[in-house]
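Next come the chains, spelled out residue by residue.
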Amino acid sequence: MPPVTLVDVFTHAGAGGNPCPVVTDARDLDASVMRDVARRYGHESGFALPAEDAAHDLRLRFFVPNHEMEMCAHATIGVLWVLAREGRIPEASVRIATGSGSVTGFVSSRGADVWSVAITQPVGRVRPLTDEQSADVQAALGSGRDALAARPVHNAVTSRVKTLVPMRDAAALNALAPASDAVEAACARIGSTGLYPYAVLDGPTRLFEARQFPRASGYPEDAATGIAAAALAFGLLQDGLIEPDDRPIRILQGRVMGRLSEIRVRLGFANGRPVGCLLEGDVALDRSGH
């Protein structure tokens, strides 16, 4: 087993976050070893490798217990944070090759052993589901129609397709207890990698809460999902729940899991049109060993 640094990414008030095993030098590891790391820890894991071309500074691979992933936002942020902690990347922009394309990371020091890390995501694409597909998602979540808000269910994507499900309120959101096999089957039918039900906590301050039920990652729920949060930001924009500006959007996640997490998203615009977003969150060493 290679040396692994376990961090919590997207922490909230110094706690919670998504546990992420990080290997900062994976050049001698094959896919089976990387997957074994993810299985041992039971979380998405990030692996840093040398860049394969002059357009990038490094390459990242991501694994969950069941398979390799093209992109994982919190693992990208976690790897950059650990590399910064080890003094192995400059406080500047970092060009990263991933399975879903190029990502730029921004790393800056905020004090002793504290770094700010943000990463780019491309402009989101949002597509409302049909009534039949929405009913399929609702059945998979095990919720009645009255638990949903009067807004469309969307498939949205920046790097991986997530299904945005508007819940009536936080109570309805946190009462959900879907079966993993039902989630997997519904996601397969609608072309999604996870269901992302969400609720509005405070519209004027752009505060939301969400939960992520992945399609087939090897665990039933995720404490913080940056890719889904990025997709949600574009869904909120399309549905008119946020104004078209770059003020931060805060998304809480993981409350039911006892790991309340916070993801921050800033949309970028050019000539009034969205062109992408920045994902940012706090990181801390995970000393629990889980």
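For clarity, every value in this text was computed on a predicted model and none was experimentally measured.

Criteria and thresholds
- Along every chain, residues carry numbers that run from 1 in the direction the sequence is written.
- Only residues with pLDDT of 70 or above have their local features reported here, since the model is predicted, and side-chain atom pairs are shown and tallied only from 80 upward, although totals for entire chains, interfaces and linings are computed over all residues.
- Remark: hydrogens and water are excluded; side-chain values derive from all non-hydrogen atoms of the structure.
- Salt bridges are identified by distance alone: a Lys or Arg side-chain nitrogen within 4 Å of an Asp or Glu carboxyl oxygen.
- Under the scheme applied here, a residue whose accessible area is under 20% of the maximum for its type counts as buried, over 50% as exposed, and between as partly exposed, the area being computed with a 1.4 Å probe on protein chains only.
- Here a strand is any run of E in DSSP of at least two residues, a helix any run of H or I of at least four, and the numbering for each starts at the N terminus.
- Contacts between residues were defined by any pair of non-hydrogen atoms, one from each residue, lying within 4.5 Å.
- Starting at the helix axis, one direction is taken to each C-beta atom, and the arc is that of these directions.

Peer 1: Please provide a residue-by-residue account of the pattern of salt bridges, values included.
Peer 2: Within the structure shown, the criterion is met by 17 salt bridges. For Arg 59, the salt bridge identified is with Glu 52, shortest N-O distance 3.4 Å. For Arg 59, a relative accessible area of 21% gives the class partly exposed. Judged by its relative accessible area of 63%, Glu 52 is exposed. Between Glu 70 and Arg 160 there is a salt bridge, with its nearest N and O atoms 3.3 Å apart. Highlighted residues: Glu 70 in the loop between strand 5 (68-69) and helix 2 (73-85) and Arg 160 in the loop between strand 10 (154-157) and strand 11 (161-166), separated in sequence by 90 residues. With relative accessibility at 39%, the residue Glu 70 sits in the partly exposed group.

Peer 1: Please provide a residue-by-residue account of the side chain of Ser 134, values included.
Peer 2: With respect to the secondary-structure elements, Ser 134 resides in helix 3 (residues 131-141). Using a relative accessible area of 15% as the deciding quantity, one classes Ser 134 as buried. Not counting residues within four places of it along the chain, the set of residues in contact with Ser 134 comprises Leu 129 and Val 153.

Peer 1: Describe in detail the environment of Thr 193, supporting the description with residues and values.
Peer 2: Looking at the element boundaries, Thr 193 is found in the loop between helix 5 (180-190) and strand 12 (194-202). For Thr 193 and Pro 214, which are 21 residues apart along the polypeptide, the C-alpha to C-alpha distance reads 6.1 Å. Non-local contacts of Thr 193, meaning those with residues more than four positions away in its chain, are made with Arg 160, Val 161, Lys 162, Cys 187, Gln 212, Pro 214 and Arg 215.

Peer 1: Explain helix 5 to me, and be specific about the residues and the numbers.
Peer 2: Buried residues of helix 5: Val 183, Ala 186, Cys 187 and Ile 190, and no others. The buried residues of helix 5 occupy one face: seen down the axis, they fall within an arc of 100°. In helix 5, the exposed positions angled more than 90 degrees off the buried face are occupied by Asp 181 and Arg 189. Contacts from the buried residues of helix 5 go to strand 9 (125-128), helix 3, strand 10, strand 11, strand 12 and strand 14 (213-214). Positive phi appears at Gly 191, one or two residues downstream of helix 5, with a value of about 70°.

Peer 1: Break down unusual backbone geometry for me, citing the residues and quoting the values.
Peer 2: Positive phi outside glycine occurs at Phe 10, with the angle close to 70°. Residue placement: Phe 10 occurs in strand 1 (residues 5-11). Positive phi outside glycine occurs at Ala 13, with the angle close to 55°. In this fold, Ala 13 is placed in the loop between strand 1 and strand 2 (18-23).

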